Amino acid sequence: MPSTEPGSPGTLHEPARELPVSHQTDVVVCGAGPAGTAAAICASRLGLKTVLVEYSSIPGGMLTHQNCWLNDFDNKGGFPGEFYDYITDSKIREGHYYTPFLVLPWLDEQI
């Protein structure tokens, strides 16, 4: 039962039960938007068993769901810099814009 003390977040008591385990993992990333996708890719590259949970069938969020405008990417390092280099080197980028669905094959290779 929840605590009745004022200001207390309370405690719920649940009887013991057995739950099936579907995955053994080191990291669970919830949401495959730009930050979640980058976090999952980088964790996996570090050798961590990583599960990326996303409700849609396409990772990347704003990276892959709209015609994007790039601002201040050319001076970034890490994963953002790698992403910028990919869209530049593969000729997906024109000026400040790139076609997001052309990024999906690269993201699939990274995950």
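I will try to describe carefully the structure that is included in this document.

Topic: the nonpolar core
Part 1 of the reasoning: Membership of the largest hydrophobic core is limited to 11 residues, which are Ala38, Ile41, Leu63, Phe79, Phe83, Ile87, Ile92, Tyr98, Val103, Trp106 and Leu107.
Part 2 of the reasoning: Elements that contribute at least two residues to this core include exactly helix 1 (34-45), helix 2 (78-89) and helix 3 (104-110).
Part 3 of the reasoning: If you tally residues by element for this core, the top one is helix 2, at three residues.

Comments concerning the packing of aromatic side chains
For any pair of aromatic rings, the description rests on two quantities: the centre-to-centre distance and the angle between the ring planes.
Part 1 of the reasoning: Inspection of the entire model under this criterion finds four aromatic pairs.
Part 2 of the reasoning: With 5.5 Å between their ring centres and 75° between their planes, Phe83 and Tyr98 make a pair best called edge-to-face. With Phe83 in helix 2 and Tyr98 in strand 5 (residues 97-98), this pair connects stretches of sequence that are 15 residues apart.
Part 3 of the reasoning: The class for Phe83 is buried, based on a relative accessible area of 2%.
Part 4 of the reasoning: Taking relative accessible area as the criterion, Tyr98 reaches 2% and is therefore assigned buried.

Here's the deal with the pairing of strand 2 (residues 50-53)
Along any regular strand the residues' side chains alternate between the sheet's two faces.
Part 1 of the reasoning: Where strand 1 (residues 27-30) lies against strand 2, four bridges are found, and the strand directions are parallel. Of the residues in strand 2, the one forming a bridge with Val27 is Thr50.
Part 2 of the reasoning: What joins strand 1 to strand 2 is helix 1, and the crossover it makes is right-handed.

Thoughts on the pattern of salt bridges
Part 1 of the reasoning: Counting across every chain of the model gives two salt bridges.
Part 2 of the reasoning: A salt bridge links Glu14 to Arg17; its shortest N-O distance comes to 2.6 Å.
Part 3 of the reasoning: Note that Arg45 is salt-bridged to Glu82, the shortest N-O span being 2.7 Å. In this pair, Arg45 sits in helix 1 while Glu82 sits in helix 2, placing the two residues 37 residues apart along the sequence.
Part 4 of the reasoning: Overall, Glu82 belongs to the partly exposed group, its relative accessible area being 27%.

Some thoughts on helix 2
Part 1 of the reasoning: Its 12 residues give helix 2 an end-to-end C-alpha distance of 16 Å, which sits within 8% of 16 Å, the value for a rise of 1.5 Å per residue.
Part 2 of the reasoning: Among all positions in helix 2, only Phe79, Gly81, Phe83, Tyr84 and Ile87 are buried.
Part 3 of the reasoning: Of the surrounding elements, those touching the buried residues of helix 2 are helix 1, strand 4 (93-94), strand 5 and helix 3.
Part 4 of the reasoning: One or two positions beyond helix 2, positive phi appears at Lys91, with a value near 65°.

Conventions we followed
Residues numbered from 1 in each chain as written. Predicted model: local features only at pLDDT ≥ 70, side-chain atom pairs only at ≥ 80, totals over all residues. Heavy atoms only, no water. Core = buried A, V, L, I, M, F, W, Y, C linked by side-chain atoms within 4.5 Å. Buried < 20%, exposed > 50% of the residue type's maximum accessible area, 1.4 Å probe, protein only. Helix = DSSP H or I, 4+ residues; strand = E, 2+ residues; numbered from the N terminus. Phe/Tyr/Trp six-rings, centres within 6.5 Å; stacked < 30°, edge-to-face > 60°. Pairing = 2+ DSSP bridges. Right-handed = clockwise from strand over helix to strand, strands pointing away. Salt bridge = Lys/Arg side-chain N within 4 Å of Asp/Glu carboxyl O. Expected span 1.5 Å × (residues − 1). Contact = heavy atoms within 4.5 Å.

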